[in-house]
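# Commentary on secondary and tertiary structure
The residues making up each chain are set out below.
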Amino acid sequence: EKIVQSINLYSKHRKNIILTIQKMMKMLDYSDLIFYQCLFYIDTYLSHNMSEEFSEKKILYYLVGYFLCSVKSKETDIYEPSLDSFCCLKKKIYLSVDKIAYYEVLCLQSIKYNIFSYSAYDWMTELITIGVVFDCEINKSNSIILINGHRHSIINTINKCAMKMLLNITVKNI
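A few points on the structure. Along each chain, the written sequence defines residue order, and numbers are assigned to residues from 1. For this predicted model, a pLDDT threshold of at least 70 governs which residues receive local features, and a threshold of 80 or more governs which side-chain atom pairs are given and counted, while totals over whole chains, interfaces and linings are taken from all residues. Each side-chain value is derived from all of the structure's non-hydrogen atoms; neither hydrogens nor water enter the calculation.

Salt bridges, as used here, are contacts in which a Lys or Arg side-chain nitrogen is within 4 Å of a carboxyl oxygen on Asp or Glu. Evaluation of the coordinates by the stated rule reveals three salt bridges. Linking R14 and D43 is a salt bridge whose minimum nitrogen-to-oxygen distance equals 2.9 Å. With R14 in helix α1 (residues 2-28) and D43 in helix α2 (residues 32-46), this residue pair connects regions lying 29 residues apart in the sequence. Here K90 makes a salt bridge to E56, at a shortest N to O gap of 3.6 Å. Placement of the pair is K90 in the loop between α3 (56-74) and α4 (97-110) and E56 in helix α3, with a sequence separation of 34 residues. Type-normalised accessible area, obtained with a 1.4 Å probe on protein chains alone, sets the label of each residue: buried when under 20%, exposed when over 50%, and partly exposed for intermediate values. Of the residues examined, E56 reaches a relative accessible area of 39% and is grouped as partly exposed. Secondary structure follows DSSP: runs of H or I at least 4 residues long count as helices, runs of E at least 2 residues long count as strands, and numbering of each begins at the N terminus.

As structure tokens, then:
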């Protein structure tokens, strides 16, 4: 009952959480890999631990903490964002650098230091890389399809469709 209550509370904040992650992504120019990893952590851990006492500020601290965990575990670039860049994510809410660092450690502890958690995006890109549909399974006469008058490889079309479906279900509360 407590978990169901927590998930229901979390669902009310999820759209705003996604918008805030997107804002951080634009601000720091990170890849979709970071977005989906952060969302995976938030969906997995925060959704099961949210209570009525969670203020918008506390949610932001967790969000930044999981975002930093995602950046440090998944990003291949050496650039690490300054904690100052997260202090003013929302109007009228100021996050302190010390508390951001504290929540990053809390988030690391909540994932049990397991940086090998895979998001839906990780699985999708892995399946696309190794192949869901192989060339040998495609009839040569049907390997190219026409979409809006343009020729496309059926395998690339399937891969793009899979990523588009992931994007579409990401914003839904399921």
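What follows concerns the side chain of T20. Along the chain, the position of T20 falls in helix α1. Of the polar contacts made by the side chain of T20, one reaches the backbone oxygen of N16; its length is 2.8 Å. Here a polar contact means two N or O atoms within 3.5 Å. Within protein one must be a hydrogen donor candidate and the other an acceptor candidate, and residues neighboring in sequence count only if both atoms are side-chain atoms.

Each Phe, Tyr or Trp ring, with Trp reduced to its six-membered ring, pairs with another whose centre is within 6.5 Å; inter-plane angles below 30 degrees give stacked pairs, above 60 give edge-to-face pairs, and intermediate values give tilted ones. Applying the stated criterion to the full structure yields 12 aromatic pairs. Centroid distance Y45 to Y66: 6.3 Å. Interplanar angle 15 degrees. Geometry classified as stacked. A residue pair is termed long-range when its members are at least 10 positions apart, and Y45 in helix α2 and Y66 in helix α3 qualify at 21 residues. An aromatic cluster of at least three residues, connected via ring pairs, comprises F40, Y41, Y45, F54, Y61, Y62, Y66, Y102 and Y103. Any Lys NZ or Arg CZ that is within 6 Å of a ring centre and within 35 degrees of that ring's normal is treated as a charge sitting over the ring. Here the guanidinium or amino end of K58 rests over the ring plane of F54, the centre of that ring lying 4.4 Å away.

It is worth spelling out the state of the cysteines at this point. The disulfide criterion is simple: two cysteine sulfur atoms within 2.5 Å. Applying the stated criterion to the full structure yields zero disulfides. With no disulfide of its own, C69 has C107 as its nearest cysteine by sulfur position, at a separation of 5.4 Å. For C69, a relative accessible area of 4% gives the class buried. For C107, a relative accessible area of 0% gives the class buried.

For the rest of this paragraph, the subject is the nonpolar core. What we call a nonpolar core is a set of buried Ala, Val, Leu, Ile, Met, Phe, Trp, Tyr and Cys residues that are connected through their side-chain atoms within 4.5 Å. Formed by 42 residues in total, the largest nonpolar core has its most connected members in I21, Y66, F67 and F86. Counting residues per element, the ones that place at least two in this core are α1, α2, α3 and α4. In terms of residue count, the dominant contributor to this core is α3 (11 residues).

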